[in-house]
Amino acid sequence: MRICIIGAGYVGLTTAAVLSDLGHKVRCVDRDETKINALEQGVIPIFEPGLSELVVRNRKEGRLTFSSDVAASMDEHELIMIAVGTPSAADGSADLVYVRSVLLAVSTVLHTHKVIIMKSTVPPGTGVWAEEFLLGLGVPGTLFDIVSNPEFLREGTAIHDTLNPDRIVIGSRSVDAAEKVRAIYNGIEAETVWTGQTEAELIKYGSNAFLATKLSFVNELARVCDVFGADIMQVAEGIGKDTRIGGKFLQAGIGYGGSCLPKDVSALIGAASSRKIGLELLREVAAVNASQPDYYIGKLEKSLGRLDSEVKVAVLGATFKENTDDLRYSQAIELMKRLAARGCAVTAYDPLVSPALPGVVWAKSAADAATGAHALIVATGWKEFVDADWNQLRQKMSGTIVMDGRNVLNPTKVREAGLTYVGLGRI
Ligand SMILES: NC(=O)c1ccc[n+]([C@@H]2O[C@H](COP(=O)([O-])OP(=O)(O)OC[C@H]3O[C@@H](n4cnc5c(N)ncnc54)[C@H](O)[C@@H]3O)[C@@H](O)[C@H]2O)c1
């Protein structure tokens, strides 16, 4: 099949690479010419394990091409997949400005029938609105079908997730269009959930809102563990064994971040609120998450007995999680900002990124960052931090506090190096 994917970001590029690898002819389009030029030179603008190999191979074999000419590319394809960003607007609702601009461009090339696949995460009712939008521009309804096909991949394991999804959700009014979209995934073993458009949109938001809820829930439970001297790892494991609950997303930490959970929780609250429905539970989920860095800084202050300009803190990890270069809504960055605002001298290190942040000095290695630090915080679960040489870090540090912001370290190993281990809800 021939597919045109609009947006060469984490989702669009990964989907383009995987679909071309499955044998389809895929054109991946972005209005960002710098990005497209880089891709044409074989340079991958994002870090995603395994993506580069897939892109290079499929380009070489002629199944994957890139272009910045959005309209011309759409004109040449019947299947058009929209994978542009849907960031938060100032009021927290989803900003559909990019989706709207793609729809405007599609409207100019609807001379023959096209299936418009909504891969971007969009609020309930967007598919219906998109249809009305195109009809309002004078495009006959016979010339297009819209299919909602939300994406569930996780950055860091995006290729694996695209090839092994838990389910493929396809929401459309048109059975023909829905089946065409399902056919692009032939070769991928996964249950298909056939739904209406709005239901598909809500499956995506509902899934992310539920995952965020699990995380804020376990983070609050970790606070309870802190005061009762219990270990959240044991508690979460025991809870997760209940098949009605499941063990995933029960890892306590400094809070969830990334380009999806925070903005999707906020967008769902915004969508519901536009119809006069208040989502109080989700507001609390977001509030608990927003307070998690302060809770954590409170633990640091208690451990050190002070927190001021005399205190030097090393922060390991800046991305919102390991194996990605994505800094969007990173709680590690939030933590650094709040520590700097408290006057602490913050030295940070991340294997991939070093964004400019007031009051933060970037080091070239974990050991460099640790030099002279009174406390060291692991803020992202990169493997190199999990496997760190604690004896070496101990020698570099001037204090002994090691804060495990992701509950990923082995407390015994940290303690054996003469350091004081401080986890979240851990003993
Ligand atoms: N990143 C994830 O882990 C993930 C997972 C599931 C779903 N999603 C959803 O997928 C969508 C895309 O997310 P992403 O992380 O890939 O975003 P991204 O910001 O990495 O990429 C979006 C791309 O779209 C391009 N773009 C914007 N407007 C355009 C236009 N009019 N024409 C052509 N290109 C245009 C941008 O230049 C950018 O390269 C969002 O709705 C997001 O919520 C993301």
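Preceding this paragraph is the structure being described.
Being a predicted model, the structure only gives us computed values, none of them experimental. (Residues numbered from 1 in each chain as written. Predicted model: local features only at pLDDT ≥ 70, side-chain atom pairs only at ≥ 80, totals over all residues.)

Q: Quick rundown of the nonpolar core? Include the residues and the values.
A: Ile5, Ile6, Ile80, Ile82 and Ile117 are the most contacted members of the largest nonpolar core, which totals 78 residues. When residues in this core are grouped by element, the largest group, 9 residues, is from helix 9 (residues 197-228). Contact partners of Ile80, with chain neighbours within four places excluded, come to Cys4, Ile6, Met74, Val106, Lys114, Ile116 and Ile117. If you look at the next biggest cluster of nonpolar residues, it comprises 44 residues, including Ile254, Met336, Ala375 and Ala388. (Core = buried A, V, L, I, M, F, W, Y, C linked by C-beta atoms within 7 Å. Buried ≥ 20, exposed ≤ 12 C-beta atoms within 10 Å, placed from the backbone. Helix = DSSP H or I, 4+ residues; strand = E, 2+ residues; numbered from the N terminus. Contact = placed C-beta atoms within 7 Å.)

Q: How would you summarise the site of the ligand if you had to cite specific residues and measurements?
A: Within the structure, the ligand sits among 27 residues, and Gly7, Gly9, Val11, Ser120 and Thr121 are positioned closest to it. Counting residues per element, the ones that place at least two in the shell around the ligand are helix 1 (10-21) and helix 5 (97-107). In terms of residue class, the shell around the ligand is made up of 12 nonpolar, 9 polar and 6 charged. (Near = placed C-beta within 6 Å. Nonpolar A, V, L, I, M, F, W, Y, C, P; charged D, E, K, R; others polar.)

Q: Outline the sheet that holds strand 5 (residues 114-118), listing residues and values.
A: Strand order in this open sheet of 8 strands is 3-2-1-4-5-6-7-8, and the pairing throughout is mixed. Every other strand in the sheet has two partners, leaving strand 3 (64-67) and strand 8 (191-195) as the edge strands with one partner each. Along the sheet, successive strands turn relative to each other by an average axial angle of 25°, direction set aside. Relative to strand 4 (residues 79-82), strand 1 (residues 2-6) runs parallel, the two being bridged by 4 bridges. Bridging from a neighbouring strand, Cys4 pairs with Ile80 of strand 4. Packing of helix 6 (residues 126-136) onto the sheet brings it into contact with strand 5 and strand 6 (144-148), and relative to strand 6 it is tilted by some 165°. Sheet strands in contact with helix 9 are strand 6, strand 7 (167-172) and strand 8, and its direction is about 145° off that of strand 7. (Pairing = 2+ DSSP bridges. Axes fitted to C-alpha atoms, helices over the stretch in contact; angles between N-to-C directions.)

Function cannot be inferred from these measures alone, as they are strictly geometric.
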